[in-house]
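Here is how the chains run, residue by residue.
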Amino acid sequence: MKINTLFNRNKAVFSFEVFPPKKDSPIESVYGKLEEICALKPDFVSVTYGAGGSGAHSRTCEIAAKIKHDFGVESVAHLTCVNSTRAMIDETLEDFRQNGIENILALRGDYVEGIAPQKDFRYASELCAYIRAHGDFDVSGACYPEVHVDAADAAEDVLNLKKKVDAGAQHLISQLFFDNALFYRFLERAKIAGIRVPIEAGIMPVTNKKQIERMVSLCGASLPPKFVKIMQRYESKPEALRDAGIAYAVEQIVDLLANGVDGIHLYTMNNPTVAKKITRAVETLL
Ligand code: FAD
């Protein structure tokens, strides 16, 4: 099933993101958790893509196929391009096709130390156009409520996002954020730029201290005072911090749904317990 059809129902889309295990762990090591996550019956599950190079796609492909064919939930395979040649992308698309994968989240990816970037694709928009021209895939793209780090400003970033939509991205998934007001301002900019495709809000339940530090250094999400207060108060009480993180994410989701958002994309961190608590709290509101 192509996921763009999900946005035609009179209902917010509720999707999850999961990731493959590290290279030195067997792929089966995540299957138990992923099966539990899929049992919550999200509209789709997207599977992240490891940083670049030959063969990087194989675990993403295998897990996306498992989710779709064995766990019965539609899947989306992430695919980055900045470290791949056209021939490598062709090989990946062929693998996706042979494994029955119909949906791709097309990304530029990050430049990785020690891996020389290839020259065939510079931006996600080029990958979107290439995939649309080379197969019958549904293509999604990423977007950044707090502006992508490489962009000069919000105006430039949203105009580049419009190029990605014009190149064939049929649906957008946002970077995680902790302040809904920033997401609403981004939606206004996107509307002014003429972006009309559905935009899902990326929500990350923060459930441990290490995760917060990683999050801020990796994606630069700003932390509202209310969030910082909660995290400071419970940082040395793991259970309380987990429950507070879940409660914060649920509150964000309730507000987003009340404001008519197209969808919620939950960064599950492969944690079925957290995914289950959040799903149970919001499933009647979608
Ligand atoms: P682009 O859309 O290409 O944008 C990158 C930058 O280039 C922006 O600053 C943009 O303004 C600018 N730009 C775009 N087009 C043009 C143009 N035509 N001219 C000039 N400037 C332009 N990374 C992974 O490695 N694996 C994953 O699985 C993964 N999943 C992700 C899922 C989501 C939902 C999100 C939000 C991010 C994900 N990432 C992943 C991270 C992503 O690869 C990085 O954020 C990367 O730096 C940008 O990718 P992009 O596709 O958004 O790039």
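See above for the structure.
So, here's what we can say about the structure. Going along each chain's sequence as written, the residues are numbered from 1 onward. Local features in this predicted model are restricted to residues whose pLDDT is 70 or higher, and side-chain atom pairs enter the listing and the counts only when it is 80 or higher, whereas totals over whole chains, interfaces and linings include all residues. Where side-chain values are given, they derive from all heavy atoms of the structure, hydrogens and water being excluded.

1. As for the pairing of strand β7 (residues 199-203)
And step 1. Within β7, five of the five residues are buried, which leaves it mostly tucked inside the rest of the structure.
And step 2. Tracing the backbone out of strand β6 (residues 172-176), into helix α6 (residues 180-192) and back to the parallel element β7 gives a crossover that is right-handed.
And step 3. Relative to strand β8 (residues 263-267), β7 runs parallel, the two being bridged by four bridges. Counted as the bridge partner of Ile 203 is Leu 266 from β8. Buried means the residue's accessible area, taken with a 1.4 Å probe over protein chains only, is under 20% of the maximum for its type, while exposed means over 50%, and partly exposed covers the values in between. Think of it this way: any DSSP run of H or I at least four residues long counts as a helix, any run of E at least two long counts as a strand, and we number them from the N terminus. When the strands point away from the viewer and the connection leading from the first strand across the helix to the second strand turns clockwise, the crossover is called right-handed. One bridge is not enough; two strands pair if DSSP finds at least two bridges between them.

2. Considering the site of the ligand
And step 1. If you check the shell around the ligand, you find 23 residues, and the closest are Arg 108, Asp 110, Tyr 144, Asp 157 and Lys 164.
And step 2. For the purposes of these results, a polar contact is taken to be a pair of N or O atoms within 3.5 Å, where, inside protein, one atom must be able to donate a hydrogen and its partner to accept one; residues adjacent in sequence count only when each atom of the pair is a side-chain atom. One of the backbone nitrogen or oxygen atoms of Tyr 49 is found 2.8 Å away from an oxygen atom of the ligand.
And step 3. Between the ligand and Ala 151, the relevant distance is 3.3 Å, taken from an oxygen atom to a main-chain nitrogen or oxygen of the residue.
And step 4. About the coverage of the ligand: the protein hides 86% of its 970 Å² of free accessible area.
And step 5. For the shell around the ligand, the secondary-structure elements that each account for two or more residues are β3 (75-80), β4 (103-107), α5 (154-166) and β6.
And step 6. Ranked by the residues each element gives to the shell around the ligand, the list is headed by α5, at four residues. If a single non-hydrogen atom of a residue is within 4 Å of a molecule or strand, that residue counts as near it. A 1.4 Å probe and the Shrake-Rupley method give the accessible areas. Residues count as covered only by the protein chains that appear here.

3. Quick look at the nonpolar core
And step 1. With 65 residues, the main nonpolar core has Ile 67, Leu 79, Ile 131, Leu 172, Ile 195 and Ile 264 as its most contacted residues.
And step 2. The greatest single-element share of this core, amounting to six residues, is contributed by helix α9 (residues 238-258).
And step 3. For this analysis, residues touch if any pair of their heavy atoms sits within 4.5 Å. When near neighbours in sequence (up to four residues on either side) are disregarded, Ile 264 contacts Val 13, Phe 14, Ser 15, Glu 200, Ala 201, Ile 203, Ile 253, Leu 256 and Leu 257.
And step 4. One finds Phe 7, Leu 105, Met 231 and Tyr 248 within the second-largest nonpolar core, a separate group that totals 22 residues. We call a set of buried residues a nonpolar core when its members are Ala, Val, Leu, Ile, Met, Phe, Trp, Tyr or Cys and they connect through side-chain atoms within 4.5 Å of each other.

4. Concerning the pattern of salt bridges
And step 1. What makes a salt bridge here is a side-chain nitrogen of Lys or Arg within 4 Å of a carboxyl oxygen of Asp or Glu, nothing more. In this structure the tally under the stated criterion is 15 salt bridges.
And step 2. As a salt-bridge pair, Glu 74 and Lys 68 come within 3.4 Å of each other at their nearest N and O atoms.
And step 3. On the basis of relative accessible area, Glu 74 is assigned to the buried category, the value being 10%.
And step 4. Taking relative accessible area as the criterion, Lys 68 reaches 17% and is therefore assigned buried.
And step 5. Of the charged contacts in the structure, one is a salt bridge between Glu 102 and Lys 68, with a shortest N-O distance of 2.8 Å. With Glu 102 in the loop between α3 (86-98) and β4 and Lys 68 in helix α2 (residues 57-69), the pair connects residues that are 34 residues apart, well separated along the chain.

5. Points about the environment of Leu 223
And step 1. Structurally, Leu 223 can be placed in the loop between α7 (209-219) and α8 (225-234).
And step 2. The exposure class assigned to Leu 223 is partly exposed, which follows from its relative accessible area of 29%.
And step 3. Along the primary structure Leu 223 and Gly 32 are separated by 191 residues, whereas in three dimensions their C-alpha atoms are 33 Å apart.
And step 4. Excluding residues that lie within four positions of it along the chain, Leu 223 makes contacts with Phe 178, Ile 212, Val 216 and Val 228.

6. Focus on the side chain of Gln 211
And step 1. Structurally, Gln 211 is set in helix α7.
And step 2. Look at Gln 211 and you get buried, because its relative accessible area is 7%.
And step 3. Engagement of the side chain of Gln 211 in a polar contact is seen with the backbone oxygen of Pro 205, the distance being 3.3 Å.
And step 4. Residue contacts for Gln 211: discarding those within four places in its chain leaves Met 204, Pro 205, Val 206 and Met 269.

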